[in-house]
Amino acid sequence: MESLKEKTARGLLWGSLSNSIQQLLNVVIGIFLGRLLDENDWGMVGMITIFTAIGACLQEGGFIAALNKRKGATHNDFNAVFWTSLGIGLAFYILMFVCAPLISNFYGVPSLTPLTRYICLSFLISSLSTAPRAWLFRNMMVRETSIMTIISLAVSGIVAVAMAFAGMAYWGIATQNIVYISMVTLLSYHFSGWRPSMRIDLRPVREMIGFSSRLIITNVVNIVNLNFFSVLLGKFYTTPDVGNYTQANKWNTMGSSLISNIIYGIAQPVFTKVEEDRDRQKAVLRKLLRFTAFITFPLMLGLSLVAKEFIVILITEKWLVSAGILQILCVAGAFIPISALFSNLIISRGHSKAYMWTSVAQCVAGIVVAMAASPFGIHVMVMAFVAVTILWTGVWLWLARREVSITAYEFLRDISPYLLLSVALCLIAHFACGGIGNIYLRFGMKVLVVAIPYLGVLWLLGSTILRESADFLIHKKIS
């Protein structure tokens, strides 16, 4: 049998491969949709994103993490989650169907009523997949999850682009979400082999609800934290303003989630398996921290560096306003995967209450600071939000220190080589390539000036993470 170290490395490999393919597909789909649709189309969907995200969170109910944490989970536990999730999904869809006119009145956009009722069908469909997805997650079936996600993304993207070509505007974006969730639901049953039974016993849910309910509250708070800009802009600004922010946030989320999703698929199960050994858990945390920093800093700071060229080349100059917002958001995106890693540790230790209150405090701080900066314009608001996100990494570190005794010195020692090298190379590329007139050449040179020296310097310095990653990719083993 594979050791935990081998299983973790294999999971990281599949997670990295899967998420890279996913983001490549997202880029291709995003290019077509960005060129075919305008700010109003993206703004329509952006104004209700917060409601659909909260609905998905409530429907999942924190049960995937709760089942992962549950000792000796049985079919009855998964079955109880299935029926509970289905009930929540149905109830929330009925609520959103009734409240859709209120959402339209809030924004003053009547056409949001049918759009909201349509897109919220995803709650009901997704509720059917909570239990089998939890089965895949608990058993670290990263390969199967990767295949499932890639197929779902490809099929839904083709449907969305076809609808956009047919002139169906924002309905294509809405349908993409529904098709994606439908495919994930079908394939999760195929790969997990799990099936529900008609014997309904909800006692396991009552035992898990204390842990999972705090995760629900926390996830809702995080969703509000990430989407309140869209609500604020939709209420006090224009639909195109929401569209520009939604477009920028979409590309930023693609980048940061590339790392966060890799870490999420591995960190929690691994932390849980070694939770009895604090020293080993700390070693796992620090290694994952170095891996995260190795990937996230050059990727996200590099995306900030080339944001304007990236946006213009892919989706034309009509989205140039969103490029300035993207540059700012990417700085926060560089730190989000690190905070996600710490939060996964906190959850794996069973401290969902600490996770909840820390997330609530971060959300409140972000909203207060952004609102205070609102008179100075969208860019200043986003900068204030980014500052809170970066500073809050220290709070997550403090919580992690209580669990595995990681110090601030150890944290800085783990991330600083990758952070400092990425910042230095991005500054060099900015000044060295900024005068190049051809946008394609400028984009390519910026990427090369950052990527090649980054890998070269780390190799010469004997970076363990880089060498182990290369060794595993070549030999499929890790020492």
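Residues numbered from 1 in each chain as written. Predicted model: local features only at pLDDT ≥ 70, side-chain atom pairs only at ≥ 80, totals over all residues. Heavy atoms only, no water.

K.L.:
I keep staring at the overall build of the chain and nothing clicks. Help me out?
P.N.:
Scanning the chain from N- to C-terminus turns up 21 helices and 0 strands. Split into buried and exposed, the 479 residues of the chain put 56% on the buried side. Here the chain displays about 20000 Å² of accessible surface, and carbon together with sulfur accounts for 69% of that area. (Helix = DSSP H or I, 4+ residues; strand = E, 2+ residues; numbered from the N terminus. Buried < 20%, exposed > 50% of the residue type's maximum accessible area, 1.4 Å probe, protein only. Areas by Shrake-Rupley, 256 points an atom, 1.4 Å probe, with all protein chains shown as cover.)

K.L.:
Where do I start with helix H19 (residues 408-433) in this structure?
P.N.:
Owing to its 3.6 residues per turn, the α-helix brings residues three or four apart onto one side. For H19, spanning 26 residues, the distance from its first C-alpha to its last is 36 Å, which sits close to the expected 38 Å at 1.5 Å a residue. At Ser416, H19 shows its largest bend, some 45°, and a proline, Pro417, comes one to four positions later. Every buried residue belonging to H19 is among Glu410, Phe411, Asp414, Ile415, Tyr418, Leu421, Ser422, Leu425, Cys426, Ala429 and Cys433, and all of these are buried. (Expected span 1.5 Å × (residues − 1). Bend = angle between axes of the 7 residues up to and from the residue.)

K.L.:
Explain unusual backbone geometry to me, please; I cannot follow it from the model alone.
P.N.:
One non-glycine residue, Ala169, lies in the positive phi region at around 50°. Of note, Ala169 is situated in the loop between helix H8 (142-165) and helix H9 (170-192). Despite not being glycine, Ser405 shows a phi value in the positive range, around 65°. Along the polypeptide, Ser405 turns up in the loop between helix H18 (393-404) and H19. Residue Ser405 is classed as partly exposed on the basis of its relative accessible area, which comes to 48%.

K.L.:
Can you walk me through the pattern of salt bridges in this structure?
P.N.:
Any two side chains of opposite charge can pair if their charged atoms end up close together. Tallying each qualifying case throughout the model produces 7 salt bridges. The closest approach of N and O atoms between Arg286 and Asp414, which form a salt bridge, is 2.8 Å. With a gap of 128 residues between them, Arg286 in helix H12 (residues 278-305) and Asp414 in helix H19 connect regions that are remote in the sequence. Here Arg286 falls in the buried class, since its relative accessible area comes to 17%. The partner of Lys446 in a salt bridge is Glu309, and the shortest N-O contact between them spans 2.9 Å. You can see Lys446 sitting in helix H20 (residues 439-460) and its partner Glu309 sitting in helix H13 (residues 307-315), a full 137 residues away along the chain. Under the relative-accessibility criterion, Glu309 is labelled buried at 4%. (Salt bridge = Lys/Arg side-chain N within 4 Å of Asp/Glu carboxyl O.)

K.L.:
Can you help me understand the packing of helix H16 (residues 352-373) against helix H17 (residues 378-391) in this one?
P.N.:
The relative placement of two packed helices comes down to the angle between their axes together with the axis-to-axis distance. At their nearest, the axes of H16 and H17 sit 8 Å apart, and the two run at 155° to each other. Between H16 and H17, the angle is such that the two are roughly antiparallel. Handedness of the crossing formed by H16 with H17: right-handed. Two secondary-structure elements touch here, H16 through Gln362, Ala365, Gly366, Val369, Ala370 and Ala373 and H17 through Val380, Met381, Ala384, Val388 and Thr389. Looking at side-chain class alone, the contact of H16 with H17 contains 8 nonpolar, 3 polar and no charged residues. (Axes fitted to C-alpha atoms, helices over the stretch in contact; angles between N-to-C directions. Parallel < 35°, antiparallel > 145°, perpendicular 65-115°, else oblique. Left-handed = near helix turned anticlockwise from the far one by under 90°. Contact = heavy atoms within 4.5 Å. Nonpolar A, V, L, I, M, F, W, Y, C, P; charged D, E, K, R; others polar.)

K.L.:
Would you explain the environment of Ser156 in this entry?
P.N.:
As for its position among the elements, Ser156 is in helix H8. For the pair Ser156 and Ile173, spaced 17 residues apart in sequence, the C-alpha separation works out to 9.4 Å. With near-sequence residues (within four places) excluded, Ser156 lies in contact with Gln176, Val179 and Tyr180. At 2.9 Å, the side chain of Ser156 and the backbone oxygen of Ser152 are in polar contact. (Polar contact = N/O pair within 3.5 Å; in protein donor to acceptor, adjacent residues only side chain to side chain.)

K.L.:
Hey, could you run me through H12 in this one?
P.N.:
Here H12 spans 39 Å end to end across 28 residues, near enough to the 40 Å set by a 1.5 Å rise per residue. Bending of H12 peaks at approximately 25° at the position of Thr296, with proline Pro298 no more than four residues after it. Most of H12 sits inside the fold, with 20 of its 28 residues counted as buried.

K.L.:
Teacher, can you tell me more about the packing of aromatic side chains here?
P.N.:
How two aromatic rings sit relative to each other is given by the distance of their centres and the angle of their planes. Tallied over the entire structure, the rule returns 15 aromatic pairs. Ring pairing ties together the aromatic residues Phe82, Trp83 and Trp194, which thus form one cluster. Seen from the ring of Phe97, Arg117 lies directly overhead, with NZ or CZ sitting 4.1 Å from the centre. If you follow Arg402 out to its NZ or CZ, it ends over the ring of Trp398, 4.8 Å from the centre. (Phe/Tyr/Trp six-rings, centres within 6.5 Å; stacked < 30°, edge-to-face > 60°. Lys NZ or Arg CZ within 6 Å of the ring centre and 35° of its normal.)

K.L.:
I would appreciate a short explanation of the environment of Ala370 in the present structure.
P.N.:
Tracing the chain through its elements places Ala370 in helix H16. Residue Ala370 is classed as buried on the basis of its relative accessible area, which comes to 0%. For the pair Ala370 and Val386, spaced 16 residues apart in the sequence, the C-alpha separation amounts to 9.4 Å.

K.L.:
Looking at this structure, I do not really get a nonpolar patch on the surface. What am I missing?
P.N.:
Together, Leu24, Val28, Phe32, Leu36 and Phe165 line one region of the surface with nonpolar side chains, adding up to about 480 Å² of accessible area. Per element, the largest residue contribution to the nonpolar patch is 4 residues, and it comes from helix H1 (residues 4-36). Phe165 sits in the exposed class, given a relative accessible area of 58%. (Patch = residues over 30% accessible without salt bridge, like charges linked within 9 Å, V, L, I, M, F, W, Y side chains within 5 Å.)

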